[in-house]
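# Fold and geometry: a report
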Amino acid sequence: MLSTLPLTLIALLVLDVSAIPTNPPQGISMPLRRRVQSQSRSEDELAMWAKNQREGLMAKYGNPVARKRSTGTNLITNQGADSSFYGSLAIGTPAVSFNVILDTGSSDLWVAGNTCTTGCSSVQTFDPNQSSTFNNQNQDFQIVYGSGQASGTIATETVQMAGFSVSNQGFAVADQVSGGLLSAPVSGLLGLAWQSIASTRAVPFAQTLASGTAWDSPVMAFQLTRFSNQSGTQQLEAGGSFSMGFVNTTLYTGDIEYINMPTTNSYWILPLTTLTVQGNSISLPSGSASYAAIDTGTTAVGGPPDQIAAIYSQIPNSAPGTGNYQGYYTYPCDTTVTVTLAFGGSTWTMSPADFRLSRVGSGTCLGAFFSLTTGSNAPSWIVGDSFLKNVYSVFRFNPPSIGFARLSDYSLSMNGNLDIEVPSPTIGSVSVFATAGTVDGSNHNSGTSLRPPSFVLAIAVLIYAML
């Protein structure tokens, strides 16, 4: 995902074979599940989370050859009441599985290593000495987030996910992680954007598969569930589906509307052309000032201060936050807020339940849109899961574009469904092999990330457990 903030975000874990087409296209679908914080957070903890989320996002966005595979499935988890989605992949020989945040807002793969001295005590770590395919590149790695950082060593390894195996994959083994960046059982992050913004300079795992012959189609897609407004939510719940190499026709209805990206090979970007609140239009700029990063690793929606203020001017009795809530707005919880967004095509409606980020007091709620000032090379808007839970989203590598479709009744039936069993990820067999491209030292960002990782943002959404 593009931005890494300090906040936390369906197919059944056991794949429902009856829901899959008899002859599905080549690719894989990865059911998601979510882990929800079981205890409520205090108002002080919530305020600090809100502050870290906003500052983290600002840091994240820079204010300072192979054969066709047969279909397969890899199971994924969702952590923290709509806060963060993580999947399992396997690293090394023999392969060892790790849970990683799935982030279309960044491009690096990294996991905590066995020599990690801080911030890794409760998570599974990677031991290079136990793998015969580990190759240390002897280069330092560092990603800086708004609320901390991760640092370590760049290396190459064999990485497997959902039946695909990529050898010589560049990644980082972290030996220092700031407290709060990792929350068990998550051990790291898988960036799903483009190579040019990778701190490791490595060709990202998904980009390698999409550019070769491994995937039947150069696409990956997300369907995310909603549990933020469901009472009785457990620590783990079904979270949705991540598909690689194809789109799952059981998860959406109608056509997928693709919009070509106005700029390529960096973040997943679309122009935000229309935004309405309570039926009233918000004035938006055109050109690069309208660019929005579509970021699965971010929970909420960040935008320019003037336009965020205009949004809340349409909500009676809303007010700007103070202290740790600076940049946010509060509004009466008994107000139903309806927001629509368009990116040069159809208009997509955001559920009022997703606009409400959390309760912050008696009858007072925190809105999911907050003010954000990004760097000159980053998009002005960061559109995260608060919006993406309302659509089936498709990220297409060639031609570079992003598509949205309306969720099917089958997908919608998963929202708040406490009866869906949550499975455990396993290491499956490999049916397609590929080799990562060589490291390209040109056209990349410095050793700091333009934004904090999505799993950091996941912490924020833990507040949904308060509902």
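Every value quoted in this text rests on a predicted model; they were computed, and no experiment measured them.

Inspection of the secondary structure assignment puts Glu157 in strand β8 (residues 148-161). Residue classification places Glu157 among the buried residues on the basis of a relative accessible area of 1%. Within the structure, Glu157 has its side chain in polar contact with the backbone nitrogen of Phe134 (distance 3.2 Å). If near-sequence neighbours (up to four positions away) are discounted, Glu157 is found in contact with Ile91, Gly92, Thr93, Phe126, Ser131, Thr133, Phe134, Val166, Ser167, Asn168, Gln169 and Phe171.

This next bit is on the state of the cysteines. One pass over the structure, following the stated rule, counts two disulfides. Here Cys116 pairs with Cys120 through a disulfide, and the sulfurs are 1.8 Å apart. Since a negative S-S torsion denotes a left-handed disulfide, the Cys116-Cys120 link at about 50 degrees is right-handed. Exposure class is identical for Cys116 and Cys120. Each is buried. Paired by a disulfide, Cys333 and Cys365 hold their sulfur atoms 2.1 Å apart. Every disulfide takes its handedness from the sign of the S-S torsion; for Cys333 and Cys365 that torsion is 110 degrees, giving right-handed. A residue pair is termed long-range when its members are at least 10 positions apart, and Cys333 in the loop between β20 (329-332) and β21 (339-342) and Cys365 in strand β24 (residues 364-367) qualify at 32 residues. Assigned by exposure class, Cys333 and Cys365 land together as buried. Sequential numbering of the bridged cysteines in the chain gives the disulfide pattern 1-2, 3-4.

Here we come to the UniProt feature "active site" (unreviewed entry) in the chain. Under the present numbering, the feature "active site" (unreviewed entry) in UniProt falls on Asp103 and Asp295. These residues run over 193 residues, yet every pair of their C-alpha atoms falls within 6.7 Å of each other. Residue placement: Asp103 occurs in strand β5 (residues 96-103). Within polar-contact distance, the side chain of Asp103 engages the backbone nitrogen of Gly105 at 2.8 Å.

Note on strand geometry: in a regular strand, side chains alternate between the two faces of the sheet. Of all six residues making up strand β11 (residues 219-224), six are buried, and the element is well covered by its neighbours. Judged by which residues are buried, β11 turns out to be covered on both faces: Val219, Ala221 and Gln223 on one side and Met220, Phe222 and Leu224 on the other are all buried. One ladder, built from four bridges, connects β11 with strand β27 (residues 392-396); its direction is antiparallel. Paired with Ala221 across the bridge in β27 is Val394. With five bridges joining them, β11 and strand β12 (residues 236-244) adopt antiparallel strand pairing. By the bridge assignment for β12, Ala221 is matched with Ser243.

The rules behind each value
Residues numbered from 1 in each chain as written. Predicted model: local features only at pLDDT ≥ 70, side-chain atom pairs only at ≥ 80, totals over all residues. Heavy atoms only, no water. Helix = DSSP H or I, 4+ residues; strand = E, 2+ residues; numbered from the N terminus. Buried < 20%, exposed > 50% of the residue type's maximum accessible area, 1.4 Å probe, protein only. Polar contact = N/O pair within 3.5 Å; in protein donor to acceptor, adjacent residues only side chain to side chain. Contact = heavy atoms within 4.5 Å. Disulfide = S-S within 2.5 Å. UniProt positions renumbered as here; feature names shortened; annotations may be inferred. Pairing = 2+ DSSP bridges.

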